[in-house]
Amino acid sequence: MEALADSIQRFEGWIPPGVDPRMPAGSRSWRNRNPGNLRPDPRPRIVAQPADSANYRIFDTLTLGWDALRSDIRAKLNGSHNLTDDSTLRNFFDIYAPSDDDNDPDQYARQVAIWLSRDLGATITPETTLGYLKGLGR
């Protein structure tokens with residue numbers, strides 16, 4: 001799960017100020033301390049989830065943002081959104097970064113598979129099952 005979270009943070013463009021002249025204040029995920037560019041949970045909640053003008057969550061600390069990303073991944077790997085161990089990495093990104101939110105889940109899954117292959121020392125493709133990925137993390 002850690003490697004998947006790292007790959008998501010990379011894909012979402014975690015860029016501090018001064019690194020990319022196109023983003024002098026840093027990337028949205030960096031400014032919001034939101035390494036996964038998570039959106040607020042749409043279900044009614046007791047605690048408000050602050051968000052920016054584009055509806056991405058803002059966290060008080062990177063630790064809170066990182067914990068939220070890991071919690072979101074864990075929930076999906078453990079069956080939320082009807083994902084099972086037989087679901088694929090591509091299925092995961094259909095949920096995590098849906099095309100109706102201006103994402104390209106195919107591209108996301110392909111790039112993350114490349115990073116996961118390198119980080120985990122195993123061949124990962126968009127069709128790799130979540131059950132297999134979970135087994136690598138043990």
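Residues numbered from 1 in each chain as written. Predicted model: local features only at pLDDT ≥ 70, side-chain atom pairs only at ≥ 80, totals over all residues. Heavy atoms only, no water.

> Give a detailed account of the side chain of N32, specifying residues and quantitative values.
One can find N32 in the loop between α2 (28-31) and α3 (62-77). N32 gets classed as buried once you look at its relative accessible area, which sits at 7%. Of the polar contacts made by the side chain of N32, one reaches the side chain of D52; its length is 2.9 Å. (Helix = DSSP H or I, 4+ residues; strand = E, 2+ residues; numbered from the N terminus. Buried < 20%, exposed > 50% of the residue type's maximum accessible area, 1.4 Å probe, protein only. Polar contact = N/O pair within 3.5 Å; in protein donor to acceptor, adjacent residues only side chain to side chain.)

> I'd love a proper account of the environment of G13, names of residues and values included.
Mapped onto the elements, G13 comes out in the loop between α1 (2-12) and α2. G13 sits 16 residues away from S29 along the chain, and the two C-alpha atoms are 7.0 Å apart. Once residues within four sequence positions are removed from consideration, G13 is found in contact with S27 and S29. (Contact = heavy atoms within 4.5 Å.)

> Any chance you could break down the pattern of salt bridges for me, citing the residues and the numbers?
Evaluated as defined, the whole model comprises 10 salt bridges. The salt bridge partner of D85 is K134, with a shortest N-O separation of 2.6 Å. Here D85 is found in the loop between α3 and α4 (89-96), whereas its partner K134 is found in helix α6 (residues 130-136), with 49 residues between them in sequence. Across the salt bridge formed by R90 and D94, the nearest N and O atoms sit 1.7 Å from each other. (Salt bridge = Lys/Arg side-chain N within 4 Å of Asp/Glu carboxyl O.)

> Explain the confidence of the model for the protein to me, and be specific about the residues and the numbers.
Scored by pLDDT, the protein has a mean of 94; 96% of the residues are at 70 or more. The secondary structure element of the protein with the lowest average pLDDT is α6, at 93, and the one with the highest is α4, at 98. (pLDDT = per-residue confidence, 0-100.)

> Give me α4: which residues, what numbers.
Within the span of α4, buried status applies to L89, R90, F92, F93 and Y96. End-on, the buried residues of α4 take up no more than an arc of 155 degrees, which puts them together on one face. Against the buried residues of α4 lie α1, α3, α5 (105-120) and α6. (Arc of directions from axis to C-beta.)

> Break down the packing of aromatic side chains for me, citing the residues and quoting the values.
Evaluation of the coordinates by the stated rule reveals six aromatic pairs. Centroid distance F93 to Y96: 6.1 Å. Interplanar angle 85 degrees. Geometry classified as edge-to-face. In this pair, F93 and Y96 are both assigned in helix α4, three residues apart and thus about one turn of the helix distant. Residue F93 is classed as buried on the basis of its relative accessible area, which comes to 0%. Between Y96 and Y108, the ring centres sit 6.1 Å apart and the planes meet at 80 degrees, which makes this aromatic pair edge-to-face. In this pair, Y96 is assigned in helix α4 and Y108 in helix α5, connecting sequence segments 12 residues apart. Residue Y108 is classed as buried on the basis of its relative accessible area of 1%. (Phe/Tyr/Trp six-rings, centres within 6.5 Å; stacked < 30°, edge-to-face > 60°.)

> How would you summarise the nonpolar core if you had to cite specific residues and measurements?
The biggest cluster of nonpolar side chains holds 27 residues, and the ones touching the most others in it are L4, I8, L89, F92, F93 and Y96. Taken together, the elements giving at least two residues each to this core come down to α1, α3, α4, α5 and α6. The biggest single contributor to this core is α5, with six residues. When sequence neighbours within four positions are dropped, the list of residues in contact with F92 reads L4, I8, I73, K76, L77, L83 and L130. (Core = buried A, V, L, I, M, F, W, Y, C linked by side-chain atoms within 4.5 Å.)

> Explain the packing of α1 against α3 residue by residue, including any values.
Following both chains from N to C, one finds α1 and α3 inclined at 120 degrees, their axes separated by 10 Å at the closest point. Here α1 runs over α3; the crossing is right-handed. Packed against α1, whose contacting residues are E2, L4, A5, D6, I8 and Q9, the element α3 presents W66, L69, R70 and I73 at the interface. Across the contact of α1 with α3, the residue classes tally to six nonpolar, one polar and three charged. (Axes fitted to C-alpha atoms, helices over the stretch in contact; angles between N-to-C directions. Left-handed = near helix turned anticlockwise from the far one by under 90°. Nonpolar A, V, L, I, M, F, W, Y, C, P; charged D, E, K, R; others polar.)

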